[in-house]
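# Structural characterization, general
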Amino acid sequence: SKSTGEHTGKPPCAPLGLGGAPGVCQGMWWGGPGHSPADPEVGDGVPRESSPFITNADMDKGIIYEGKNMALFEEEMDSNPMVSSLLNKLANYTNLTQGVIEHEADEDSKRREIKAPRMGTFIGVYLPCLQNILGVILFLRLTWIVGTAGVLESFIIVFMCCACTMLTAISMSAIATNGVVPAGGSYYMISRSLGPEFGGAVGLCFYLGTTFAGAMYILGTIEILLTYISPSAAIFKSEDGGEAEAMLNNMRVYGTCIIALMAIVVFVGVKYVNKLALVFLACVILSIIAIYAGVIKTAFDPPDFRICLLGNRTLSRRNFDTCAKFTKIDNKTETTRLWRLFCDSALLNATCDEYFSLNNVTEIQGIPGVSSGVLIDNLWSTYSDKGSVVEKRELPSLTGTEETKVAGLPYVFTDIMTFFTMLVGIYFPSVTGIMAGSNRSGDLKDAQKSIPTGTILAISTTSFIYLSCIVLFGACIEGVILRDKFGEAVNGNLVIGTLAWPSPWVIVIGSFFSTCGAGLQSLTGAPRLLQAISRDGIVPFLHVFGHGKANGEPTWALLLTACICEIGILIASLDSVAPILSMFFLMCYMFVNLACAVQTLLRTPNWRPRFKFYHWTLSFLGMSLCLALMFICSWYYALIAMVIAGCIYKYIEYRGAEKEWGDGIRGLSLNAARYALLRVEAGHPHTKNWRPQVLVLLNLDSEQLVKHPRLLSFTSQLKAGKGLTIVGSVLQGIYLDKCVEVQKAEENVKSLMAIEKTKGFCQIVVSPSLRDGVSHLIQSAGLGGMKHNTVLMAWPQSWKLTDNPFSWKNFVDTVRETTAAQQALLVAKNIDLFPANQERFSEGNIDVWWIVHDGGMLMLLPFLLRQHKVWRKCKMRIFTVAQMDDNSIQMKKDLQMFLYHLRLNAEVEVVEMFENDISAFTYEKTLVMEQRSQMLKQMQLSKNEREREIQSITDESRGSIRRQRHCSPQCVGQDKQVLAQLIHDRNTASHSAAVVQANAAAAAPERVQMTWTKEKLVSEKHKNKETNLTGFKDIFNLNFTIADRKMQNCYQYFERFSCLFKPPPQPQKNKTRLQNHLKCIDY
């Protein structure tokens, strides 16, 4: 029963493990399906006497128990005898899929409520599967397949196809017994097991297969009608053109009429189709019995069907009756009609066909019988080209000196070229229909028992019928008749009908009604399958086909089905339509096996099928066999079917509705992600695999909206969907108070990520302080090896405002923590002016000022940007700085060679500057930093001491820059004096040489050189700490107007560039220095 208690008359139970005793409902009442405790329509309809112990006052109350069977469990409590009950069930037999609604809603709903739960394995599963599997191919093509491929290869074809369906049935039984399968059948099973993308793709393929199956059945019906029942009903005659072309045109005309008629019948009401279901089933069963009875009869009394041969060539007996060249009438030798077909006149001296003149006409028995030994002759294959004459190769034949023309002569010709793989494609539709039971699981009394049992028994029965028919046909019928597709050698009779007993008309009439019924059932089931897919809402453009009439009939889906079926009718050849629907059915069966294999291997807790006789290896074998059969049948049809399914899959993935069905693909993705994370965790990524894995820090306003949306635009342009992107933000407060705001912020960020096409993850953190929240994000964002290595944030524009005194401190703390975490930091200034994803630069430059060697990070960022459409047409320029006495030409060549080895295309520009502008920041920082690190290691300083020494050197270098920049003469003089005094104070206790150097710097302001040696660093280690700190304060407490002018002079080149990358100076360590540092960068 459903969990909501609807349609079952039972209150909902708590699921297992959600409180209370498992599987126990308190206050539960038991009753029949569809009845409430007060429902007056009760029981099985058999009145019961009231209890004598119930008083008159309680009589009305006692009525509700009337006719009720209050047993806790009942097996089969039929009041009718067994024979009567069986006949009643057969009378109510239906082969329609679950979910069909009749016109007489009230009456039929009551009838179904009583009837549906009573359907057992035999009536509900076995017979519908038997009727769907045994069909048109058995009656019209199986004898031809045996004659063409031989008994051995035909046995292989049938065995492969039956093994495929048996393995699929095992997988389907496991899936069907893992839960209730409502209307939709195979689509429901696949979509709920593999997800909406696979389910929609395979469901539509199954729908197309069912629709083309209807076309195939209708073409079979017309072929039986025009070839074996009433050949005179043909509209187009062979005299009007070729015989094959006339037959195709007749197929198209009659097929269109029959489709229209069947569509009207289905539109008016499937009740009429339902009433004929038993007739169609009886036709199939009686035809099978007639075949076996005919085989038994041939053992002692073979039927008299003689075939006429000219040499070893089979003759068509449609245009003559006597199998001889001459006949004697009144002792006179006269020519026969056969003579006149091969000669130009009826005279004995007429000019005749050379082959006709050289060979004799013989007549042999067409059905010699099961004990004749003809099986040996029919063991091997006899493939031929299109237009070849059907020959009995065991007989002698004289061909003559010249190749005679056979066109227009009464031979039996092959209409298509035959080969093994083509026969597989034609035969496979005869084993489809195995899902007839699973499609109707809701109508079964015990679906979890009936579906596996009935389906497997039906497949076993039909497999035995097919395999035995192959052997019996090869043992009873002559090979040339088996290869005669349309029975021309046996007076136009159906070949399989010549074997049947008591009359060939049993097979002809039975196959005609059987194919009619199968066509009606296809036109009934296919629209409902499309309606089930449409109502799921996973394919937006199919939404209109989910609607129908007031009673639920899928009118629009029926119209589309009839139009698609008309395409198959216009093809007009059963042999051409069969491989098409084979592709779609094979793809459906392949994904049923895949669904079972995936669910079994994942071992999800919900995977608990009652059918236990399955294994993932069987499912995998079935899936492989389906895939192999697809390419065996027709490799180009297989590719087309896969392309169609792939297009539908991608369409659902991008445009379809989001569905969470707990499917196996999601579980498979989680397992794959876990495996990959564990593998990535094993080691650090190689340099070749390095790419920026970005943590984007967003600021939100009071409405939880993103302040700088262009930060996500820049991220998507930088990443282009590759690598890891984590979009994080911090809300200040307590999580218990901010739960709603967190959800709102997460929705806003995700929606903006979707708009900006930023593929990544969103993470909102609530923390008492913004600084701690950002720190937590930097430390803990990501999982395992999928952690960020780069932090991207916007420049804090409000750091100068007095109402936000901690903005600058939070920013610098973020810079420090990013550095401590050994991660790269990207700070986007004026981010709101950056281009959106829709903009396109037709020209422009991306400039990199490569002042400090950073391992190539500044080179990589422009390269990644240029991969995006926004920046693709921009050029990359590299700027480096040289001293006046450097060889700038050689530096440019070296940098160009460096870019060549990096495989980057960029223009190189060398900017020459005075040494007093650049020496401390570039020369001391870039060219000598490696030597300093080596010296500090040799001095065996601790890590903190090395950092302190490097910081002091860097700080003094920056002080030197600020003092030596061009300004007014008065300012220059003051700077020289302070710098000279500072250097004098720092070096007096250790080295007089340093004092001389400082004095020289004061005397020659154009050239300031700070050279550090090992001895000087050793002496600096033992200096007075107070003097050191005083010196630093003297430098950084200077009026910053000097630095303002100097930074303007240094960065005057940056103003004309569209995009600029430059390395910022290191952050300082006290409040005054931090403010000065931010002013320097902000400038």
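Under the annotation held in an unreviewed UniProt entry, the protein carries the name Solute carrier family 12 member 7 and is attributed to Crocodylus porosus. Per UniProt, the comment on the protein under Sequence similarities (unreviewed entry) is "Belongs to the SLC12A transporter family. K/Cl co-transporter subfamily." The Subcellular location (unreviewed entry) comment attached to the protein in UniProt states, word for word, "Cell membrane".

### Quick word on helix α28 (residues 857-865)
For α28, a buried count of seven out of nine residues is recorded, marking the element as mostly surrounded by other parts of the structure. Considered for burial, the residues of α28 that qualify are Met 857, Leu 858, Met 859, Leu 861, Pro 862, Leu 864 and Leu 865.

### Observations concerning the packing of aromatic side chains
Within the structure shown, the criterion is met by 23 aromatic pairs. Each ring, one from Tyr 411 and one from Phe 413, has its centre 6.2 Å from the other, and the planes form 90 degrees; the classification is edge-to-face. Residue class for Phe 413 comes out partly exposed when judged on its relative accessible area of 30%. An aromatic cluster of three or more residues is present, and its members are Phe 326, Trp 339, Phe 342, Phe 356, Tyr 411 and Phe 413. Of note, Lys 829 hangs over the ring of Trp 795, and the distance from its end group to the ring centre comes to 5.7 Å.

### Some words on the sheet that holds strand β2 (residues 313-314)
Pairing in this open sheet of three strands is antiparallel, and the strands run β2-β1-β5 from one edge to the other. The open sheet has two edge strands with one neighbour each: β2 and β5 (361-365). Alignment of strand β1 (residues 306-310) against β5, held across five bridges, turns out to be antiparallel. What sits directly across from Arg 306, in β5, is Gln 365.

### Notes on helix α15 (residues 447-476)
Helix length check: α15, at 30 residues, gives a terminal C-alpha distance of 42 Å against a target of 44 Å (1.5 Å per residue), a fit within 8%. Of all 30 residues making up α15, 21 are buried, and the element is well covered by its neighbours.

### Considering the packing of helix α8 (residues 196-229) against helix α18 (residues 504-536)
The interhelical angle for the contact between α8 and α18, taken along N-to-C directions, is 155 degrees, at an axis separation of 8 Å. In terms of orientation, α8 and α18 fall into the roughly antiparallel class. For the pair α8 and α18, the sense of crossing is left-handed.

Criteria and cut-off values
- Residues numbered from 1 in each chain as written.
- Predicted model: local features only at pLDDT ≥ 70, side-chain atom pairs only at ≥ 80, totals over all residues.
- Heavy atoms only, no water.
- UniProt positions renumbered as here; feature names shortened; annotations may be inferred.
- Buried < 20%, exposed > 50% of the residue type's maximum accessible area, 1.4 Å probe, protein only.
- Helix = DSSP H or I, 4+ residues; strand = E, 2+ residues; numbered from the N terminus.
- Phe/Tyr/Trp six-rings, centres within 6.5 Å; stacked < 30°, edge-to-face > 60°.
- Lys NZ or Arg CZ within 6 Å of the ring centre and 35° of its normal.
- Pairing = 2+ DSSP bridges.
- Expected span 1.5 Å × (residues − 1).
- Axes fitted to C-alpha atoms, helices over the stretch in contact; angles between N-to-C directions.
- Parallel < 35°, antiparallel > 145°, perpendicular 65-115°, else oblique.
- Left-handed = near helix turned anticlockwise from the far one by under 90°.

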